[in-house]
Amino acid sequence: MSDHWTEKLSAYLDGELTPADRRALERHLEGCAACRADTERLGRVKEWAATYAGTAPSPSVWRGVRDEIRRREGPAALPIAARRRFRIGTGLPLALAASLALVIVGVGGWLAGRATAPGSGLGAEERGALGSAGAMTIAARQTNAALLAAERYGAAIAQLEQAVLHDRSRLDSATVRVVVEKLGVIDRAIAEARAAMAQDPESAYLAEHFATMMRRKLNLLRSASAVRRS
Amino acid sequence: MLLTIAAGAAIALAIPQGTDTTFAVAANARLDLQNYAGEIVIETWARSEVRIVADHSRRESITVEQQEGIVRVRPASWKGGDADFEIEIEEGRVQWSRSGARSPSLVEFTVTVPEGMPLDVGGPFTDVTITGPVGETSVQSNEGDVTLTAVRGPLTVRCVEGDVTITDVQGRMRIHAIDGDVWIENASGDVVAETTDGDIHLIGVTSSNVEATSVDGDLQFAGPLAAQGLYTFATHDGDVTVMLPRDAGARVMVATYDGEVSSDFALDMPEDFSGRRARFTLGDGAAQLEIEAFDGDIEIRYLEN
């Protein structure tokens, strides 16, 4: 690689070289791995710059993210065990029951119609278990609190996905690929945590781990959103 | 020669290609350096000046703007900045033009800044290397490695794809990676390190507040525990290894769903705690240590010299 060729790469990608220069550069690229790598990198930069300029991207890469997420979250991908009912005792203290009811009402709109899917919080049966909760051990209360936290994270995840859906994208395709891949990593973790909870529904640790994975998904979306804004 | 232009935010100074310029900065000035692609290398010196050396093609130039205590440095092809016009001053000839719509190019920055200068640096396809006692530092990169050495002051690193390596650092550290490993070695100060897909290594870290989390990756910590300190290590799919001095004192909680716990310390562990937590106390129990590995093993080892 030499400065002579490097200086021509941007003009080459912009189609500004003379035909003779373009042919000469292409011959050089055939034998120079370093220049080929720089050309590839510059190509990605050019792609990114096109979206960064604020021009209306079509289609939105965030719509691509959403579609990919939905594709991966199809009901068929759920383990059967994940739909099992949670068993929680009876005799919930009044104050706690009231606060639970308020929280459940608060997220009720979001809960309606939500499938039991990785990243989307709890299913109807699990919500039913929460609503009929009675007297609980400390572990059961921890479990309940974690599940409710997971619900809130799920609601925030849904809102953030909606928010970015209608926004202009400023992420390059390589970043979108990474974000989608890592959302997949977290979704697998969420599915595994959910399956573990189904096996051991009284484990406060598993419920809290499930909530933690939901929070990680929310944080990843927030990080991606921050990159986009910057 | 760098000239001062005070015509508002829409005007910037363009330095001809082959950039090598040095200029004075205010004592509390912050450097805001954003690159498209290439590399940013920052070093420090004991002068109240900033030196910018940049390698780039003849098509590219570098803009420098000082305003309200912020030194903004950009490739001239940067379209997301404030500059709508470029003024070129070369050998007494002055030209102005609107920013072009050409593709950005690779730029290799080497910048020397006053010790203690706060930094806000990064770029979409940019490796960032900072060495020396800079001030509060924020680094953001979509694709590229971040290497910080001998830095003083609070650090925030946001990295989508790339490894983060921090060595010989003092001050609060907040590392948010998505796809990449995090290495922190010989450091002191509160640490928050998270990655979605990658390992986290905290070696020789002296801190009273450490939080390291990954979804798919191993975690490793080696260092002393401060009395009343809080240490949290959690991963979904990976192993956690914590190496502590033999006289370490902590209330310890370990949790795993599908993993094993082993320890050099004498622990009174239940035979089976799959899906559950176990708690025990080391020494005087002064610190709090929480270790979770959903699908991975937990090891608590002696920290040997």
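Residues numbered from 1 in each chain as written. Chains lettered and ligands numbered in written order. Predicted model: local features only at pLDDT ≥ 70, side-chain atom pairs only at ≥ 80, totals over all residues. Heavy atoms only, no water.

K.L.:
Quick question: what am I supposed to make of the domain arrangement of chain B here?
P.N.:
Accessible area lost on assembly of the parts is the figure often given for the size of an interface. Along its sequence, chain B is carved into domain 1 (19-76 + 104-171) and domain 2 (198-304). Computed over C-alpha atoms, the centres of domain 1 of chain B and domain 2 of chain B are 36 Å apart. (Domains from an automatic or database assignment.)

K.L.:
Looking at this structure, I do not really get the environment of Gln-170 of chain B. What am I missing?
P.N.:
Residue and element names in this part refer to chain B. Looking at where Gln-170 falls in the secondary structure, it is placed in strand 16 (residues 164-170). Counting along the chain gives 48 residues from Gln-170 to Asp-218, while the straight-line C-alpha distance between them is 24 Å. Gln-170 has contacts with Val-151, Arg-152, Gly-153 and Ser-188, leaving out every residue within four places of it along the chain. (Helix = DSSP H or I, 4+ residues; strand = E, 2+ residues; numbered from the N terminus. Contact = heavy atoms within 4.5 Å.)

K.L.:
Can you help me understand a negative patch on the surface in this one?
P.N.:
Together, Glu-192 of chain A together with Asp-218, Asp-237, Asp-239, Asp-258, Glu-260 and Asp-297 of chain B line one region of the surface with negative charge. Its place among the elements puts Asp-297 of chain B in the loop between strand 28 (287-293) and strand 29 (298-302). Residue classification places Asp-297 of chain B among the partly exposed positions, given a relative accessible area of 32%. (Patch = residues over 30% accessible without salt bridge, like charges linked within 9 Å, V, L, I, M, F, W, Y side chains within 5 Å. Areas by Shrake-Rupley, 256 points an atom, 1.4 Å probe, with all protein chains shown as cover. Salt bridge = Lys/Arg side-chain N within 4 Å of Asp/Glu carboxyl O. Lys, Arg positive; Asp, Glu negative; His and termini not counted. Charge placed at Lys NZ, Arg CZ, Asp CG, Glu CD. Buried < 20%, exposed > 50% of the residue type's maximum accessible area, 1.4 Å probe, protein only.)

K.L.:
How should the confidence of the model for chain B be read in this particular structure?
P.N.:
It should be kept in mind that the predicted coordinates are not to be read in detail where pLDDT is low. All names here are of chain B. On average, chain B scores 86 in pLDDT, and the residues at 70 or more come to 83%. Low confidence marks residues 80-89, where pLDDT is under 50. Its contacts with residues over four positions away, or in another chain, come to 44 contacts. Confidence metrics for the complex model read pTM 0.70 and ipTM 0.77. (pLDDT = per-residue confidence, 0-100.)

K.L.:
What am I meant to see in the pairing of strand 12 (residues 125-131) of chain B here?
P.N.:
For a regular strand, the rule is simple: side chains alternate between the two faces of the sheet. All names here are of chain B. Bridging between strand 4 (residues 37-45) and strand 12 involves 6 bridges; their strand directions are parallel. Pairing of Val-41 across the sheet is with Thr-129, part of strand 12. Note that strand 12 and strand 14 (residues 146-149) share 4 bridges and pair parallel. Each residue of the ladder has a partner; that of Val-128, found in strand 14, is Val-146. (Pairing = 2+ DSSP bridges.)

K.L.:
Any chance you could explain the confidence of the model for chain A here in plain terms?
P.N.:
Residues and elements named next belong to chain A. Scored by pLDDT, chain A has a mean of 62; 49% of the residues are at 70 or more. Mean pLDDT values over the elements of chain A span from 28, in helix 7 (residues 108-111), up to 87, in helix 3 (residues 19-31). Across residues 72-121, where pLDDT falls below 50, the model places 100 contacts with residues more than four positions away in sequence or in other chains.

K.L.:
Which parts of the structure should I look at to understand the side chain of His-236 of chain B?
P.N.:
With respect to the helices, strands and loops of the structure, His-236 of chain B is situated in strand 23 (residues 230-237). For His-236 of chain B, a relative accessible area of 2% corresponds to the buried category. Setting aside residues no more than four positions away along its own chain, His-236 of chain B makes contact with Ala-189, Glu-192, Ala-193, His-209 and Met-213 of chain A together with Ser-214, Val-215, Ala-293, Phe-294 and Asp-295 of chain B.

K.L.:
Even after reading the chapter, I still don't get the pattern of salt bridges, so can you show me in this structure?
P.N.:
Pairing between side chains becomes possible if they bear opposite charge and their charged atoms approach one another. All names here are of chain B. Enumeration according to the criterion identifies 14 salt bridges over all chains in this entry. Between Arg-74 and Asp-32 there is a salt bridge, with its nearest N and O atoms 3.2 Å apart. Highlighted residues: Arg-74 in strand 7 (residues 70-75) and Asp-32 in strand 3 (residues 30-34), separated in sequence by 42 residues. Side by side, Arg-74 and Asp-32 carry an identical accessibility label, which is buried. As a salt-bridge pair, Asp-264 and Arg-301 come within 3.0 Å of each other at their nearest N and O atoms. Residue Asp-264 is located in the loop between strand 26 (261-263) and strand 27 (276-282), and its partner Arg-301 is located in strand 29; the two are separated by 37 residues in the primary sequence. Look at Arg-301 and you get partly exposed, because its relative accessible area is 22%.

K.L.:
How do you make sense of unusual backbone geometry when you look at a structure like this?
P.N.:
Backbone geometry follows two general trends: most residues other than glycine have a negative phi, and most peptide bonds adopt the trans configuration. Residue and element names in this part refer to chain B. Residues other than glycine seldom take positive phi values, yet Asp-168 does so here, at roughly 55°. Residue position: Asp-168 is located in strand 16. Not every positive phi belongs to a glycine, and Asn-186 is a case in point at roughly 55°. Looking at where Asn-186 falls in the secondary structure, it is placed in strand 18 (residues 182-188). For Asn-186, a relative accessible area of 45% puts it in the partly exposed group.

K.L.:
Help me understand the state of the cysteines in this model?
P.N.:
When the sulfur atoms of two cysteines share a covalent bond, that bond is a disulfide. Residues and elements named next belong to chain A. Under the defined criterion, the tally for this structure stands at 0 disulfides over all chains. Of the cysteine sulfurs around Cys-35, a residue in no disulfide, the closest is that of Cys-32, at 3.7 Å. Owing to a relative accessible area of 0%, Cys-35 belongs among the buried residues under this scheme. (Disulfide = S-S within 2.5 Å.)

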